[in-house]
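Observations on chain architecture
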Amino acid sequence: MRIVLVGPPGAGKGTQAAYLAKNLDIPHISTGDLFRANISQGTALGVEAQSYMKAGQLVPDSVTIGMAQDRMEQSDAVNGFLLDGFPRNLAQAEALDEILKEGGVQLDAVLDLEVPEDEVVKRIAGRRICRNDSSHVFHAIYNAPAAEGVCDVCGGELYQREDDSEETVRKRLEVYHTETEPIIDYYRAQGLVVTISALGKVDEVTAKAMDALKK
Ligand code: AP5
Ligand code: MG
């Protein structure tokens, strides 16, 4: 299956993607995680991305599309993938269409996670991620690790993301509404969008998402 996950910052895309990718046996491809890995490794791509991310702005398409394409072309993604955070504007959606067309494949679904803004703010305020791998995501209250400050998955140190400050979150939400939401209509016109409420416990949302994807 080839799936795009969409939803505002803090909706739970990364959290759900981890379970969905496992259930569906496809890789979870998060452009945000790829950028953060590049930043922690100090690559040129990471250096370029960091200032945009810190400001809550989109990293330029010239950097992002090539990075996403490289990842989608790796051998584990030949039979499908779950995209999280890509595409994030219309130009990226059109580029993805081209990439899929060249490969003779299509998207199966666009899963839209709907969460009210006040909930998003609470989820982001308590989020803690792992120093070793930013796809290891916890929440101080809603999804607390067994030992405070320590990743349950790998024992790494948990910390608060640099772009999770109140000011940057406000900017990220604004960018989501102006740049990213239009892709939902773009995909709706192709009959691909399934919208679910992402309120409720993590496993309840996963069950709803699996149901929606089966249809
Ligand atoms: P990215 O890393 O993709 O961030 P985002 O889209 O803003 O989304 P988040 O990761 O903040 O939220 P999420 O939906 O994954 O929520 P999570 O599962 O963590 O992008 C970061 C930046 O990179 C961008 O701003 C941009 O600069 C750049 N970038 C990335 N992709 C790009 C692209 N394609 N083009 C250009 N630039 C790009 O959950 C949040 C919290 O809630 C966690 O603490 C979690 O434990 C908790 N939680 C999850 N589910 C529940 C639940 N059901 N109940 C209670 N708590 C829950
Ligand atoms: Mg995420």
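Remember, predicted model here, so these are calculated numbers, not experimental data. (Residues numbered from 1 in each chain as written. Chains lettered and ligands numbered in written order. Predicted model: local features only at pLDDT ≥ 70, side-chain atom pairs only at ≥ 80, totals over all residues. Heavy atoms only, no water.)

Check the secondary structure of the chain and you find 9 helices and 8 strands. Seen through its principal axes, the chain has C-alpha atoms that stretch 45 × 40 × 35 Å. Here the analysis covers contacts within the chain between residues at least 6 apart in sequence; of these, 69% occur between residues at least 24 apart. As presented, the chain carries roughly 10,800 Å² of accessible surface, and 49% of it is formed by carbon and sulfur atoms. Charged side chains in the chain number 22 positive and 34 negative. The centres of these two groups are separated by 4 Å. (Helix = DSSP H or I, 4+ residues; strand = E, 2+ residues; numbered from the N terminus. Contact = heavy atoms within 4.5 Å. Areas by Shrake-Rupley, 256 points an atom, 1.4 Å probe, with all protein chains shown as cover. Lys, Arg positive; Asp, Glu negative; His and termini not counted. Charge placed at Lys NZ, Arg CZ, Asp CG, Glu CD.)

A few words now on the state of the cysteines. The term disulfide refers to a covalent linkage connecting the sulfur atoms of a pair of cysteines. For the coordinates displayed, the defined rule picks out 0 disulfides. The closest cysteine sulfur to the non-disulfide-bonded Cys-154 is located on Cys-130, 3.5 Å from its own sulfur. (Disulfide = S-S within 2.5 Å.)

What follows is about the pairing of strand S3 (residues 81-84). Residues in a regular strand point their side chains to alternate faces of the sheet. Burial along S3 is two-sided: the face carrying Phe-81 and Leu-83 and the face carrying Leu-82 and Asp-84 are both buried. As defined by bridge partners, strand S1 (residues 2-6) adjoins S3 across 4 bridges and the pair is classed as parallel. Bridge pairing links Leu-5 to Asp-84 in S3. As paired elements, strand S2 (residues 28-30) and S3 share 3 bridges and run parallel to each other. Across the sheet, the residue bridging to Ser-30 is Asp-84, located in S3. (Buried < 20%, exposed > 50% of the residue type's maximum accessible area, 1.4 Å probe, protein only. Pairing = 2+ DSSP bridges.)

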